[in-house]
Amino acid sequence: MNTRTLVLAAVVLVAGGLAATGAVAGGAVDGSPGEQSAVDPAAGQQAAVAQSSCEFPVTRTDVTGTEVTIDERPERIVALQPSDAQILWEIDAQDRVVGMPVTQYTSYLDGRSGKADVSGEGTVERVVGTNPDLVLAANVSDPETVASLREAGLTVYHFAGVESLDGIARNVETVGRLIGSCESAREEADEFRLTVERARAAQANASDGPSVLYTFFGFTTGTGTHIHDAIEAAGGENVAAEAGLEGYKELSDELVIDRNPEWIVYPDDYTVAGGTPYNDTTAFQRNQTIALDYSYINQPGPRVAIPVTQLAKTWYPEGLAEANRTVNQSDVPTPNRATAEETAASGPGFGVTVGAIAVLAVAAAALLVGRRL
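Presented here is an overview of the structure given in this document. (Residues numbered from 1 in each chain as written. Predicted model: local features only at pLDDT ≥ 70, side-chain atom pairs only at ≥ 80, totals over all residues. Heavy atoms only, no water.)

**Focus: the state of the cysteines**
Moving on, step 1. In this structure the tally under the stated criterion is one disulfide.
Moving on, step 2. There is a disulfide in this structure between Cys54 and Cys182, and the S-S distance comes to 1.9 Å. In this structure the cystine formed by Cys54 and Cys182 twists about its S-S bond by roughly 85°; its chirality is therefore right-handed. Within this pair, whereas Cys54 is found in the loop between α3 (41–50) and β1 (58–61), its partner Cys182 is found in helix α8 (residues 182–202), the two being separated by 128 residues in sequence.
Moving on, step 3. Note on Cys54: relative accessible area 16%, which makes it buried.
Moving on, step 4. Classification of Cys182 by relative accessible area gives partly exposed; the value is 22%. (Disulfide = S-S within 2.5 Å. Helix = DSSP H or I, 4+ residues; strand = E, 2+ residues; numbered from the N terminus. Buried < 20%, exposed > 50% of the residue type's maximum accessible area, 1.4 Å probe, protein only.)

**Considerations on the nonpolar core**
Moving on, step 1. With 57 residues, the main nonpolar core has Leu88, Leu136, Leu165, Ile179 and Trp315 as its most contacted residues.
Moving on, step 2. It is helix α7 (residues 165–179) that contributes the most residues to this core, seven residues altogether.
Moving on, step 3. Core analysis: the second largest hydrophobic core is formed by 13 residues, Leu251, Tyr266, Tyr270 and Tyr278 among them. (Core = buried A, V, L, I, M, F, W, Y, C linked by side-chain atoms within 4.5 Å.)

**Thoughts on the sheet that holds strand β6 (residues 134–137)**
Moving on, step 1. Read from one edge to the other, the open sheet built from five strands follows the order β5-β4-β3-β6-β7, with strand pairing classed as parallel. Each of the sheet's edge strands pairs with one partner strand only, and the pair in question is β5 (116–117) and β7 (156–158).
Moving on, step 2. Direction of pairing for β6 relative to β7: parallel, over a ladder of three bridges. Bridging from a neighbouring strand, Val135 pairs with Val156 of β7. (Pairing = 2+ DSSP bridges.)

**Focus on unusual backbone geometry**
In terms of backbone geometry, most residues other than glycine have negative phi values and most peptide bonds are trans.
Moving on, step 1. Phe56 connects to Pro57 through a cis peptide bond whose omega is 5°.
Moving on, step 2. Mapped onto the secondary structure, Pro57 falls in the loop between α3 and β1.
Moving on, step 3. Notably, Asn131 is not glycine yet its phi reads approximately 55°, a positive angle.
Moving on, step 4. One non-glycine residue, Phe217, adopts positive backbone phi at about 50°.
Moving on, step 5. Of note, Phe217 is situated in the loop between β8 (211–216) and β9 (219–221).

**Describing the pairing of strand β12 (residues 263–267)**
On a regular strand, one side chain projects to one face of the sheet and the next to the other, so that they alternate.
Moving on, step 1. Counting buried residues in β12 gives five out of five residues, a clear majority hidden from the surface.
Moving on, step 2. As judged from the three bridges shared by β8 and β12, these two strands associate in the parallel manner. Within β12, the position partnered with Val212 by the bridge is Trp263.
Moving on, step 3. Sheet analysis places β12 next to strand β13 (residues 289–292), joined by four bridges and oriented parallel. Bridged to Ile264 within β13 is Thr289.

**Notes on helix α9 (residues 226–233)**
Each α-helix turn comprises 3.6 residues. Residues three or four places apart therefore point the same way.
Moving on, step 1. With seven of eight residues buried, α9 lies mostly within the body of the structure.
Moving on, step 2. Turning to α9, its buried residues number three or more, namely His226, Ile227, His228, Asp229, Ala230, Ile231 and Ala233.
Moving on, step 3. Following α9 by one or two positions, Gly235 has its phi on the positive side, about 100°.

**Remarks on the pattern of salt bridges**
Moving on, step 1. By the definition in use, this model includes nine salt bridges.
Moving on, step 2. The residue Glu173 makes a salt bridge to Arg193 at a minimum N-O spacing of 3.1 Å. Taken as a pair, Glu173 in helix α7 and Arg193 in helix α8 lie far apart in primary sequence, 20 residues in all. We note that Glu173, like Arg193, is buried.
Moving on, step 3. Note that Arg193 is salt-bridged to Asp190, the shortest N-O span being 3.7 Å. A residue pair is termed a helical-turn pair when its members lie 3 or 4 positions apart in one helix, as Arg193 and Asp190 do in helix α8 at three residues. Of the two residues, Arg193 and Asp190, neither departs from the other in class, the shared state being buried.
Moving on, step 4. Each of Asp166, Arg170, Glu173, Asp190 and Arg193 takes part in salt bridges that share partners, so that together they form one network. (Salt bridge = Lys/Arg side-chain N within 4 Å of Asp/Glu carboxyl O.)

**Some details on the packing of aromatic side chains**
Moving on, step 1. By the definition in use, this model includes nine aromatic pairs.
Moving on, step 2. Judged by centre distance (6.2 Å) and plane angle (90°), the rings of Phe216 and Tyr248 are edge-to-face. One end of the pair, Phe216, is in strand β8; the other, Tyr248, is in strand β11 (residues 248–250), and 32 residues separate them in sequence.
Moving on, step 3. Judged by relative accessible area, which is 2%, Tyr248 ranks as buried.
Moving on, step 4. Consider the rings of Tyr278 and Phe284, whose centres lie 6.0 Å apart with planes at 35°: the pair is tilted.
Moving on, step 5. Assessed through its relative accessible area of 11%, Tyr278 is described here as buried.
Moving on, step 6. According to the relative accessible area criterion, Phe284 is partly exposed, its value standing at 24%.
Moving on, step 7. An aromatic cluster of three or more residues is present, and its members are Tyr214, Phe216, Phe219 and Tyr248.
Moving on, step 8. When the ring centre of Phe56 is taken as origin, the NZ or CZ atom of Arg177, which lies over that ring, is 5.6 Å away. (Phe/Tyr/Trp six-rings, centres within 6.5 Å; stacked < 30°, edge-to-face > 60°. Lys NZ or Arg CZ within 6 Å of the ring centre and 35° of its normal.)

This is the structure:
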C-alpha cells in the first residue's frame with residue numbers, strides 16, 4: 001500500500017468513515033454495517049421505551065454489534081476523539097470528563113486544562129489510568145484500541161460514522177442517554193436541528209443554488225458525508241456529488257475544470273493554491289472562496305451548525321435573516337427519535353476485522369491533517 005493510498009484512507013477515516021470501509025468489515029451498505037445484522041429492531045424499540053425516563057441501567061448496541069450496558073450514571077468519562085469531547089461540552093457534561101485529546105483540535109473547548117491527554121502513543125494505558133466509568137469512541141477510533149480497552153474491563157461505546165447532519169443530532173441524543181443527561185442533550189439536538197432548518201429555509205425563494213466545491217489537502221467530499229449535507233443545507237450544490245462522487249475522494253484537476261464551481265469552500269487550516277486549474281474557475285475569477293473553521297466543519301459535532309449558518313448567510317443573507325425571524329422550533333420536522341439500533345447504524349462504520357487498515361490510515365492521517373475527529 002503506497003503512501004498516497006494510505007493518505008486517502010486516512011482522510012476517509014478522519015472525516016468520519018466511508019461505506020468502503022464498512023464493505024471491508026462485512027459488506028455494509030446504506031449505513032447498515034454487516035455486523036449489525038443480528039440486532040432485533042422490535043427488542044430495540046422496547047428497550048428505548050423502557051429507558052425513555054433516562055434512568056439506569058441503560059443498554060445500547062454500538063456499531064461493533066456489542067451491547068453496551070451502563071449500570072449507573074457515569075461520573076468519569078473519557079472522550080477518545082475531539083468530536084466526542086465537543087458533544088460532552090455542548091450538553092454541559094465537561095465537568096465529568098477526565099480524559100480527552102488535548103490537542104490543537106480541542107483548543108476551542110474552554111476548561112480542558114487538567115484533563116488527561118489520551119491522544120498519541122499509549123492511548124490504551126492513558127485511558128485505563130483515568131479509571132473511567134465510560135469511554136466514548138467516535139467512528140474514527142481504532143477498533144483495536146476499542147477492543148483493548150474492553151479487554152481491560154472498561155465500558156466503551158463505539159459510534160457509527162456520520163453521513164448527515166441529523167446523524168449528528170442523533171449522536172448528541174445518544175450521548176445524553178448514555179451519560180444520563182437526556183434533557184440537555186435533547187435541547188442541544190433540537191437547537192441544532194432548528195439552526196439547520198433555518199439555513200434550509202433561507203434558500204426558499206431561490207431558483208438555483210450556487211455550485212460549490214469543497215476541497216482540502218487534495219481531496220473533496222461527495223454524497224454520504226456530513227460535509228456534503230452541510231453544503232446542501234446551506235443552499236449550495238455540491239459539484240463533487242453532481243459528478244457522482246461518494247464519500248471522501250481524491251480531487252482531480254479534470255473535475256475542477258469540468259464543473260467550474262462558482263464557490264470554493266475549504267477548512268481554514270488549508271490554503272487553496274492558485275494556478276491551474278483554480279485560476280480559471282468562476283470562483284477564483286470572482287474571488288468567491290470561503291474558509292470555514294476546520295474544527296467545526298471537520299468534526300461531526302453540533303458546532304457544524306456554525307459553518308452551515310456562515311454559508312447560508314453568505315449565499316442568502318436576506319433569506320436567512322427572514323428565516324431567523326419566522327422559523328421556530330414548531331417548524332422543524334419532528335425527528336424520528338433514534339432507537340439504540342438506529343443510532344448505532346446511523347452511518348457506515350468499521351469493525352475489528354479492519355483494525356490493521358485503520359491503524360495504517362490513522363497513522364497517515366496524523367502526518368497529513370492531524371486527529372481532527
